[in-house]
Structures are given as structure tokens and as C-alpha cells.
Amino acid sequence: MPGKLGIIGGGVMGEALLSCLLSKRMYTPDAILVSDLSHERRQLLIEQYDIRTTHSNREVIEHSDVIVLATKPQVFDSVARDFSGIVVSESPLVISILAGVSIVRLEQAVPGWPVIRAMPNTPATVGCGMTAIAIGSRAIAEHVEIAQQLFSTVGEVVQVAEPLLDGVTGLSGSGPAYVAIVIEALADGGVASGLSRTTANRLALQTVLGTAQLLQKTGMHPAVLKDRVTSPGGTTISGIACLEELGLRSALIEAVRAASSRSRELGNQ
Ligand SMILES: NC(=O)c1ccc[n+]([C@@H]2O[C@H](COP(=O)([O-])OP(=O)(O)OC[C@H]3O[C@@H](n4cnc5c(N)ncnc54)[C@H](O)[C@@H]3O)[C@@H](O)[C@H]2O)c1
């Protein structure tokens, strides 16, 4: 991908994108400028990735062909003010990963510039991310191509209509946290059954990874895989009966719904 990349907000997600884009050689360190208000974050990013950083969002805006907004949604109004009055010869593409902040609000903040909203997730750090993008009214095919290229470097990409991004946020955006809890809890179960913590962690992690890969590689429906593991009168059905009684399915459904609705709420603030 050509040109200069600017990232406003070098926190968890800004760093996740940055580290994978560098390791996949999509950008060289000298083509990236990151702004962050935190001196500690800037120092860490310089030491870790040998990139340039600044405290000034305006410097990033003036420097970049593609600008990724990666601050918390709660500080969006302040970041939006940094765009006002900036004159550029060619409008940069603005890609926002902020949960909830609508394309309309983004387009008002960057008058005349193309905007794309994206919802990536933290496995992007290791090139296994899942990102959904929604296209703003001023973005043309060339901008969509840039966003597709950028996020396909860090994992998979789907395009959705903007109203669906709240559901995406509740599922794949927040999902790594749910899956991490599942892995931790499976390992706890192993420890409760007498396994060492190290062995239990290893078993839990590889079980989740292997199951996901099996489903992905074969295209098998999850219910079919569940049935294949479950012998009549065997061990698995006892475990499944327990999960059903304690409501794992509805807990996960409600978790995705609650996170999606919080994403909508953040957008209305
Ligand atoms: N963490 C995730 O899993 C994830 C996934 C998808 C999308 N997102 C979205 O990414 C955004 C960032 O989330 P995060 O988890 O990386 O948060 P974070 O708090 O780790 O990072 C935000 C960074 O922005 C900096 N910052 C604060 N105000 C600033 C300002 N005015 N100008 C420049 N920098 C400023 C902070 O110092 C911090 O380093 C959020 O909008 C979130 O909705 C996060």
C-alpha cells in the first residue's frame, strides 16, 4: 500500500494494527506517524517499532494519505476539533475504528474528505483479525480498495451496511474478550479436575484453536461437529447437559446483544 499512514491514538488497537502492518511489510516505519496524548505510549511505540510519534493530531492529519482514528469514542469531539481549518492539497482517507461514532458525525468533522468506518478486533495483532467496514458517502472505489487492502493485511474483511456495525462490534469486536474468558474457564475446569495450570492452559487453548480451524477448513456446521464429538451415553453429553442447564448459549447471545446495544448508546452520546 502506497503513501503515508497516520494513526491518531496509539493505544491497544492502534498498536495492534501498527504492529501487524509493519511485520507484514505493508508499510515501512518511516511511512507511519502516530499521535497520542500519552508520553509513555509514544515512547513505547518508538522503542518497540522504530516509528515516528507526535503529541499533535494536526501533524498526523497534515502528514498522512490515510488517517486511522483509534482513540476512545468518548474523546471524539476533541479529536474532531483538530481537523478544523486544516488545508490539504489532496484529501486524505479517514478510517475510523471508533465504536458507535456514525459516518454522519465523522463526515461532519472532516468536511469534504472521504470516510470509512471499520470495526477490527485485537487478533489483528497476529494477522488473524476480523474487520467489518462500512463506506461513507464520499468514499469511492479507490478508497474502499485501500481499506480492504489495509484490513486484509491484518486478517479477514467483510463489508456491511453501517447500521450492522453495532452488531459487528458486539460479536467480533468484543468477541476476543468472551473467547478469552471461555479459554480461561475451560482451563479452570481442568485445574478443578486435577490438571496442572500449565497443562490445563495448553489443553484449553489448543482445543479452542483446533476447533475453530477444523470448522474453518472443512466448512462444517458447528452443530455437526458437536454431534460428532458426542457419543451416546458418553462424557460429552454430560458436559453439554450441564452447559444447557447453566445457560451458556443464552449467556453468549445476551452478551453480544448487550455489547451491540452499548455500541448504539456510545453513538448517541
Ligand atoms: N480494543 C479493542 O479490542 C477494539 C476493537 C475494535 C475497535 N476498538 C476501538 O478502538 C478505539 C481505541 O480503543 P483501544 O482499546 O485501543 O483504546 P486505548 O485506550 O488503548 O487507546 C486509545 C489511545 O488514545 C490516546 N488518546 C486519548 N485522547 C487522545 C487524543 N485526544 N488525541 C490522540 N490520542 C488520544 C490514549 O492515550 C490511548 O493511548 C476505540 O474507539 C474502540 O472503540 C477497540
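Residues numbered from 1 in each chain as written. Predicted model: local features only at pLDDT ≥ 70, side-chain atom pairs only at ≥ 80, totals over all residues. Heavy atoms only, no water.

Our working rule: UniProt positions are given in the numbering used here, feature names are shortened, and annotations may be inferred rather than shown by experiment.
If you check an unreviewed UniProt entry, the protein chain appears there as Pyrroline-5-carboxylate reductase from Adonisia turfae CCMR0081. The Function (unreviewed entry) field of the UniProt record for the protein chain holds the comment "Catalyzes the reduction of 1-pyrroline-5-carboxylate (PCA) to L-proline." Taken from UniProt, the Pathway (unreviewed entry) comment for the protein chain reads in full: "Amino-acid biosynthesis; L-proline biosynthesis; L-proline from L-glutamate 5-semialdehyde: step 1/1."

**A short note on the UniProt feature "domain: Pyrroline-5-carboxylate reductase dimerisation" (unreviewed entry) in the protein chain**
What counts here: Under the scheme used here, helices are H or I runs from DSSP no shorter than 4 residues and strands are E runs no shorter than 2 residues, and both carry numbers assigned from the N terminus.
Mapped onto the present numbering, the UniProt feature "domain: Pyrroline-5-carboxylate reductase dimerisation" (unreviewed entry) falls at residues 162–266. Within the segment residues 162–266, helix and strand shares are 84% and 0% respectively, and the terminal C-alpha atoms sit 15 Å apart.

**Describing the layout of surface pockets**
Rules: Cavities and pockets are found on a 1 Å grid laid over the protein atoms alone: a cavity is a set of points where a 1.4 Å probe fits but cannot escape, a pocket is an open set with protein on both sides within 12 Å along at least five of seven lines, and a lining residue has an atom within 4 Å of such a point. Grid points are joined across faces, edges and corners, and a volume is the space filled by probe spheres set on the points.
Volume-wise, the second largest pocket comes out at about 830 Å³. Taken together, 34 residues make up the lining of the second largest pocket; nearest its centre are M13, A70, T71, K72 and P73. Of all the secondary structure elements, the ones that give two or more residues to the lining of the second largest pocket are helix 1 (12–23), helix 4 (76–81), helix 7 (165–173) and helix 12 (248–267). Looking at the lining of the second largest pocket element by element, the count peaks at four residues for helix 12.

**Considering the pairing of strand 6 (residues 115–119)**
Stated precisely, the cut-off is as follows: Categorising residues by exposure relies on relative accessible area from a 1.4 Å probe, with only protein chains included: less than 20% of the type maximum marks a residue as buried, more than 50% marks it as exposed, and the intermediate range marks it as partly exposed. The criterion for strand pairing is that DSSP finds at least two bridges linking the strands in question. Consider the strands pointing away from the viewer: the crossover is right-handed when the path from the first strand over the helix to the second runs clockwise.
In terms of burial, strand 6 is a largely internal element, five of the five residues being buried. Here strand 6 shows a buried face lined by V115, R117 and M119 and a second buried face lined by I116 and A118. Bridge analysis of strand 5 (residues 93–96) against strand 6 gives three bridges, and the strand direction is parallel. Note on strand 6: the bridge partner recorded for S96 is R117. Once the chain exits strand 5 it traverses helix 5 (residues 103–109) before rejoining the sheet at strand 6, and the crossover so formed is right-handed.

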